[in-house]
Amino acid sequence: MNPGFVFLQKYLMTPMAKISQFKIVRAVMAAGMASVPFSIVGSMFLVFNTLPSTFTGLEGFFQDTVFRVSNLYMIANTATIGILALYFNFVVGYELTKIEADETGLKVNALNGAMLSVFAFFMTIPELVMENGYMVLLNAHDKFLYNGVHLEPFVLRLGTSGIFIAIVMAILATKLYCMCVRRNWVVKMPETVPLGVSRSFTALIPTFVIAFTVIIINGIFVYLGTDIFNIISIPFSFVTELTKSWLGVMVILFLIHALWVVGIHGASIIGAFITPIMLVNMNENISTGAQIPFAGEFNNSFAIIGGSGSTLLMTFFIAFFARSSQLKILGRASVVPAIFNINEPIIFGMPIVYNPYLALPFFLAPMAAGTLGYFAINTGFIQPIIALIPWPSPMGLGAFISTGGDYKAIFVAIFAAILALLIYLPFVKVYDSKLYKEEQSKPVTDAVME
């Protein structure tokens, strides 16, 4: 344990390990994972819709055929990306209530928690303003604003811009629900009443409590000339702005890999915090034509190709060019998973965890690859990310699809992987030589001992 690892373990591993066990963090992580299928499906339809803008030769064909029914199949995009906040809200409410029931023995129902979360969230959707001493629903001559609800695109606050508020309202609703049950503020039904009916009445008083709480909060903010959505969005917007800078992206990549180096799954823990932000950034790329690099699956497309640490080509190198049997066998066993961004065998088998020989390139390689991808998008050399791809997508393919079919993104991804390999090479060679010498000296040592 050299001083560097001691420092990371004391000041990073211990606090982050505690944070990862927070009930709220676990619920948000579950929501992020549950939303992945919907995000990917919605993104694929969007990519299909944007192909003619990349391959201009298809424009006429698409216009005469596919685009005749584009409104039909783009409903799949509206029902996924368009209401992503709703999925987050429902799952956070469900998981948080389930965690309370499982770990504290509190008699709360996860489905009730989820439904109460949706109820609380929907109470924040309409916008109200003060007019002549009255609180009235915001309306305008704009045809896309009706009874305080922005209808373009679809219902604005149900999309990615509402994810953070959806999470907050789920937390508020479930906490109030659990508080009511804990204090026995529930309508008790006889044991002969069916379980489903009993559960419904158990949620009756909590529903009133949540309704009054949100009404009071909304009323206070409307009186002050704003609403809960705008107030809570302030810190979220601040953090989102940080992710739009190169330095912010580097800090995130550093934290992910600092946790990995001390044995914690950094991508999972940090992902709980950055997934909503990356989805918001991706939506901004789609809706406003922004050039935000850190969006969607930016990391798996450009920064961590082959898995955390961007180890893909390094895995191929040790598989075919390592001198030590340990690395050679490990590399050949890990090549296929690495193609699909799975590299736990390398991280724990090489190992990279707590390994002073490989810790530095494990930090530097993804940061260098991420820098290349960041500026390729930031400068407009390649299109921004507009689609969410499955994280196991192989090198180049994920970058191609996520950028809406920009073929130049394939080359950027390949160059990023090569850059990562060049950073690893001197360190891996030193480590490989060390292992090779140990393997060569081992028979001699055994003979002497005998």
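This one's a predicted model, so the numbers in the text were calculated from it and none came from an experiment. Along each chain, residues carry numbers from 1 onward, in the same order as the chain's sequence is written. Given that this is a predicted model, residues contribute local features only at a pLDDT of at least 70 and side-chain atom pairs are listed and counted only at 80 or more, while totals for whole chains, interfaces and linings are drawn from all residues. Excluded from the side-chain calculations are hydrogens and water; all other atoms, namely the structure's heavy atoms, are used.

Asks: I tried to follow the domain arrangement of the protein on my own but got confused; where do I start?
Replies: Frequently, the measure chosen for interface size is the accessible area removed from exposure when the parts meet. Annotation comment: domain bounds sourced from an automatic or database domain assignment. Per the domain assignment, the segments of the protein are domain 1 (82-235) and domain 2 (239-441). Computed from C-alpha atoms alone, the centre-to-centre distance between domain 1 and domain 2 is 38 Å. Should any heavy atoms of two residues lie within 4.5 Å, those residues are counted as being in contact. Contacts between the two partners involve 7 residues from domain 1 and, on the opposite side, 6 residues from domain 2. Roughly 470 Å² is buried in total at the junction of domain 1 and domain 2, and carbon and sulfur atoms are behind 72% of that figure. Accessible-area loss on putting two parts together, using a 1.4 Å probe and summing over both, is the definition of buried area adopted here.

Asks: Is there a simple way to think about the pattern of salt bridges in this case?
Replies: Where charged atoms from two side chains of opposite charge approach closely, those side chains can pair. For salt bridges, the criterion is a side-chain nitrogen of Lys or Arg within 4 Å of an Asp or Glu carboxyl oxygen. Taken as a whole, this structure holds 10 salt bridges when the rule is applied. Here K98 and D102 are joined by a salt bridge, their closest N and O atoms 3.1 Å apart. Of the two residues, K98 and D102 are both situated in helix α6 (residues 84-104); the distance of 4 residues between them amounts to about one turn of the helix. Partly exposed describes any residue whose relative accessible area lies between the buried limit of under 20% and the exposed limit of over 50%, with all areas from a 1.4 Å probe on protein chains only and scaled to the type maximum. The partly exposed category is assigned to K98, whose relative accessible area is 35%. Overlapping salt bridges bring together K23, E100, K175 and R182 as one network. In this description a helix means any DSSP run of H or I spanning at least four residues, a strand means any run of E spanning at least two, and both kinds are numbered starting from the N terminus.

Asks: Which parts of the structure should I look at to understand helix α7 (residues 110-122)?
Replies: Residues separated by three or four positions in an α-helix point in the same direction, a consequence of the helix having 3.6 residues per turn. Counted at 1.5 Å a residue, the expected span for α7 with its 13 residues is 18 Å, and the 19 Å between its end C-alpha atoms agrees. Within the span of α7, buried status applies to A110, N112, G113, A114, L116, S117, V118, A120 and F121. Two N or O atoms count as a polar contact when they lie within 3.5 Å, although within protein this holds only if one can serve as hydrogen donor and the other as acceptor, and sequence-adjacent residues are included solely when both atoms are side-chain atoms. Near the N-terminus of α7, the side chain that reaches the backbone nitrogen of L111, with its oxygen 3.1 Å away, is that of N109. Expected helix span is computed as 1.5 Å times (number of residues minus one).

Asks: Would you take a moment to explain the packing of aromatic side chains for this structure?
Replies: The description of two aromatic rings rests on the distance between their centres and on the angle between their planes. For Phe, Tyr and Trp, where Trp contributes only its six-membered ring, two rings pair if their centres lie within 6.5 Å, and the inter-plane angle classes them as stacked under 30 degrees, edge-to-face over 60, or tilted in between. Under the counting rule described, the total for this entry stands at 16 aromatic pairs. The interplanar angle of 65 degrees and the centroid separation of 5.7 Å between the aromatic rings of F48 and Y73 together place this pair among those described as edge-to-face. Pair noted here: F48 is in helix α2 (residues 23-54) and Y73 is in helix α4 (residues 70-73), with a separation of 25 residues, a long-range link. F48 gets classed as partly exposed once you look at its relative accessible area, which sits at 33%. Seen in terms of ring centroids, W260 and F348 are 5.9 Å apart; in terms of plane orientation they differ by 65 degrees. Their pairing is edge-to-face. Taken together, the residues span a long stretch of sequence, with W260 in helix α12 (residues 246-261) and F348 in helix α17 (residues 344-349) at a distance of 88 residues.

Asks: Quick question: what am I supposed to make of the pairing of strand β1 (residues 128-131) here?
Replies: Along any regular strand, the residues point their side chains to alternate faces of the sheet. In this description, strands pair whenever DSSP reports at least two bridges between them. In this structure, β1 lies alongside strand β2 (residues 134-137), joined through 4 bridges in antiparallel fashion. Its bridge partner being in β2, M130 is matched across the sheet by M135. Here β1 hands over to β2 after 2 residues, with N132 in that stretch at a positive phi of 55 degrees.

Asks: Would you explain the packing of helix α8 (residues 163-182) against helix α11 (residues 228-243) in this entry?
Replies: To describe two helices that pack against each other, one gives the angle between their axes and the distance between the axes. Closest axis-to-axis distance for the α8/α11 pair is 9 Å, and the angle between their directions is 110 degrees. The angle between the axes of α8 and α11 places the two elements in the roughly perpendicular class. Contacts between α8 and α11 involve F164, I165, V168 and M169 from the first element and I228, F229, I232, S233 and F236 from the second. Across the contact of α8 with α11, the residue classes tally to 8 nonpolar, 1 polar and no charged. Simply put, an axis is a line fit to the C-alpha atoms, just over the touching stretch for a helix, and the angle between two N-to-C directions goes from 0 to 180 degrees. Any angle between 65 and 115 degrees counts as roughly perpendicular, while under 35 counts as roughly parallel, over 145 as roughly antiparallel, and the rest as oblique. Residues are grouped as follows: nonpolar covers Ala, Val, Leu, Ile, Met, Phe, Trp, Tyr, Cys and Pro; charged covers Asp, Glu, Lys and Arg; every other residue, Gly included, is treated as polar.

Asks: Hey, could you run me through the nonpolar core in this one?
Replies: Considering soluble globular proteins, one finds that nonpolar side chains tend to be buried as a cluster. Buried residues of nine kinds, namely Ala, Val, Leu, Ile, Met, Phe, Trp, Tyr and Cys, make up a nonpolar core once their side-chain atoms join them within 4.5 Å. Core analysis: the largest hydrophobic core is formed by 105 residues, its most contacted members being F298, F302, M314, I318 and M350. The residue makeup of this core includes at least three contributed by each of domain 1 (82-235) and domain 2 (239-441). Setting aside anything within four residues of it in sequence, one finds F302 in contact with A369, G370, G373, I377, I382, I385, A399, T403, A409, V412, A413 and A416. Core analysis: the second largest hydrophobic core is formed by 6 residues, L46, F62, V66 and M74 among them.

Asks: Help me understand the confidence of the model for the protein, please; the structure alone is not making it clear to me.
Replies: Fine structural detail should not be taken from predicted coordinates in areas where pLDDT scores are low. Chain-level statistics for the protein give a pLDDT mean of 88 and a share of 93% at 70 or above. Below a pLDDT of 50 lies the segment residues 445-450, which in the model reaches 0 contacts outside its immediate sequence neighbourhood of four places, other chains included. As a per-residue measure, pLDDT reflects the predictor's confidence and takes values from 0 up to 100.

Asks: What's the story with unusual backbone geometry in this structure? I'm lost.
Replies: Only a minority of non-glycine residues have a phi that is not negative, and only a minority of peptide bonds are not trans. In this model, M350 is joined to P351 through a cis peptide bond whose omega is -20 degrees. Checked against the element boundaries, P351 lands in the loop between α17 and α18 (359-378). Notably, N147 is not glycine yet its phi reads approximately 50 degrees, a positive angle. Among the secondary structure elements, N147 is positioned in the loop between β3 (145-146) and β4 (149-150). Judged by relative accessible area, which is 33%, N147 ranks as partly exposed.

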